[in-house]
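The chain contents come next:
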Amino acid sequence: MCSWCWGFAPVAAALIAQAREAGVPARLVTGGLRTGGSALDSSTRKYILEHWQAVADATGQPFRFEGAMPDGFVYDTEPACRALVTARELDAERVWPLLALIQRSFYEQGIDVTTAPQLVELASQCGFDRAAFAEAFARADTRAATAADFAWAQDLGIAGFPTLLAERNGQLALLTNGYQPLERLQPLLGRWLQQAACA
């Protein structure tokens, strides 16, 4: 539920494919952009929609502005993050398709992806067993794992999203903190992968 992450989605997909071709897996860690909170007021909604417009202009990603975040909407990213942690724990290969579906549902279709029933429905569309996903999503250890993701990002000082890190032998390298176009990041990742292959 980070608009710049949605804008970055095609870039991320290309970079993940580039890394996989080199035999390097990608791991999604949720950052906890906006957790908890209360219903949006009109000025906050206007501010967020202006950000969405900037992302749309910069990236070309589609957004549905009409009816987005209606009155009473609570912009809480924790449930969507927890759904991704749930997916990662149940079947790490399906976390990326679920991320894409959550993003498309929220930004293109205006679906409220902050509720458990909606997230379970999206997970079932990605091939997860509905009952098993719902049970895992509600567990205390899944909540704790989600909080651990948030703490990990905060401990690294990550305050902007998307952030893309590369890891080799326990050492992290920052590839980007914030949106960057593919033509800037592909050579950077290529050099890192080449150095990793030589190490």
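Our structure's up above, just so we're on the same page.
Residues numbered from 1 in each chain as written. Predicted model: local features only at pLDDT ≥ 70, side-chain atom pairs only at ≥ 80, totals over all residues. Heavy atoms only, no water.

Visitor: Whenever I open this one, the packing of aromatic side chains confuses me. Can you help?
Guide: Aromatic ring pairs: the centre-centre distance and the angle between the two ring planes describe each pair. Scanning the model with the defined rule gives 15 aromatic pairs in all. When the centroid spacing of 5.6 Å and the interplanar angle of 80° are considered together, the rings of tryptophan 52 and phenylalanine 106 count as edge-to-face. Of this pair, tryptophan 52 sits in helix H2 (residues 42-59) while phenylalanine 106 sits in helix H4 (residues 95-107); the two residues are 54 residues apart in sequence, bridging distant segments of the chain. On the accessibility criterion, phenylalanine 106 (4% relative accessible area) is buried. Look at phenylalanine 63 and tyrosine 107: their rings are 5.2 Å apart centre to centre, the planes differ by 75°, and that puts the pair in the edge-to-face class. Residue phenylalanine 63 is found in the loop between H2 and helix H3 (78-90), and its partner tyrosine 107 is found in helix H4; the two are separated by 44 residues along the sequence. No difference in accessibility class separates phenylalanine 63 from tyrosine 107, as the two residues are buried. Between the NZ or CZ atom of arginine 82 and the centre of the ring of phenylalanine 137, over which it lies, the distance is 4.0 Å. Sitting above the plane of the phenylalanine 128 ring, arginine 94 keeps its charged end 5.5 Å from the centroid. (Phe/Tyr/Trp six-rings, centres within 6.5 Å; stacked < 30°, edge-to-face > 60°. Helix = DSSP H or I, 4+ residues; strand = E, 2+ residues; numbered from the N terminus. Buried < 20%, exposed > 50% of the residue type's maximum accessible area, 1.4 Å probe, protein only. Lys NZ or Arg CZ within 6 Å of the ring centre and 35° of its normal.)

Visitor: Help me understand the pairing of strand E1 (residues 163-168), please; the structure alone is not making it clear to me.
Guide: A regular strand carries its side chains on alternate faces of the sheet. In this structure, E1 lies alongside strand E2 (residues 171-177), joined through six bridges in antiparallel fashion. Residue pairing across strands places threonine 163 opposite asparagine 177, the latter belonging to E2. Counting the residues in the hairpin turn of E1 and E2 gives two residues, including asparagine 169, whose phi is positive at 55°. (Pairing = 2+ DSSP bridges.)

Visitor: Sorry, what's going on with a nonpolar patch on the surface here?
Guide: Together, Val29, Trp152, Leu156 and Leu172 give the surface a local cluster of nonpolar side chains, amounting to about 330 Å² of exposed area. Mapped onto the elements, leucine 172 comes out in strand E2. Relative accessible area serves as the criterion here: at 42%, leucine 172 is assigned to the partly exposed category. (Patch = residues over 30% accessible without salt bridge, like charges linked within 9 Å, V, L, I, M, F, W, Y side chains within 5 Å. Areas by Shrake-Rupley, 256 points an atom, 1.4 Å probe, with all protein chains shown as cover. Salt bridge = Lys/Arg side-chain N within 4 Å of Asp/Glu carboxyl O.)

Visitor: For this particular structure, what's the right way to read the side chain of threonine 114?
Guide: One can find threonine 114 in the loop between H4 and helix H5 (116-125). Within polar-contact distance, the side chain of threonine 114 engages the side chain of aspartate 112 at 2.5 Å. Apart from residues no more than four positions distant in its own chain, threonine 114 is found in contact with Met1, Phe73, Val74, Asp76 and Pro79. (Polar contact = N/O pair within 3.5 Å; in protein donor to acceptor, adjacent residues only side chain to side chain. Contact = heavy atoms within 4.5 Å.)

Visitor: Is there a simple way to think about the pattern of salt bridges in this case?
Guide: Where charged atoms of side chains with opposite charge meet at close range, the side chains can pair. Considering all chains together, one arrives at nine salt bridges under this definition. Residue arginine 20 pairs with glutamate 93 through a salt bridge whose shortest N-O separation is 3.8 Å. Taken together, the positions of arginine 20 in helix H1 (residues 3-21) and glutamate 93 in the loop between H3 and H4 put the pair 73 residues apart, joining distant regions of the chain. Given the relative accessible area of 40%, arginine 20 is considered partly exposed. Of the charged contacts, one joins glutamate 121 and arginine 130 as a salt bridge, the two residues approaching to 2.7 Å between their closest N and O atoms. Among the charged side chains, a salt-bridge network with shared partners connects Arg88, Glu89 and Asp149.

Visitor: Is there a simple way to explain the nonpolar core in this structure?
Guide: If you look at the biggest cluster of nonpolar residues, it comprises 37 residues, and the most contacted ones within it are Trp52, Met69, Tyr75, Leu98, Ile102, Phe106 and Phe133. Counting residues per element, this core draws most heavily on H4, which supplies eight residues. In this structure, isoleucine 102 is in contact with Ala80, Ala83, Leu84, Val113, Leu119 and Leu122, ignoring residues within four places of it in sequence. Of all hydrophobic cores here, the second largest spans eleven residues; its members include Val11, Ala12, Ala19 and Leu175. (Core = buried A, V, L, I, M, F, W, Y, C linked by side-chain atoms within 4.5 Å.)

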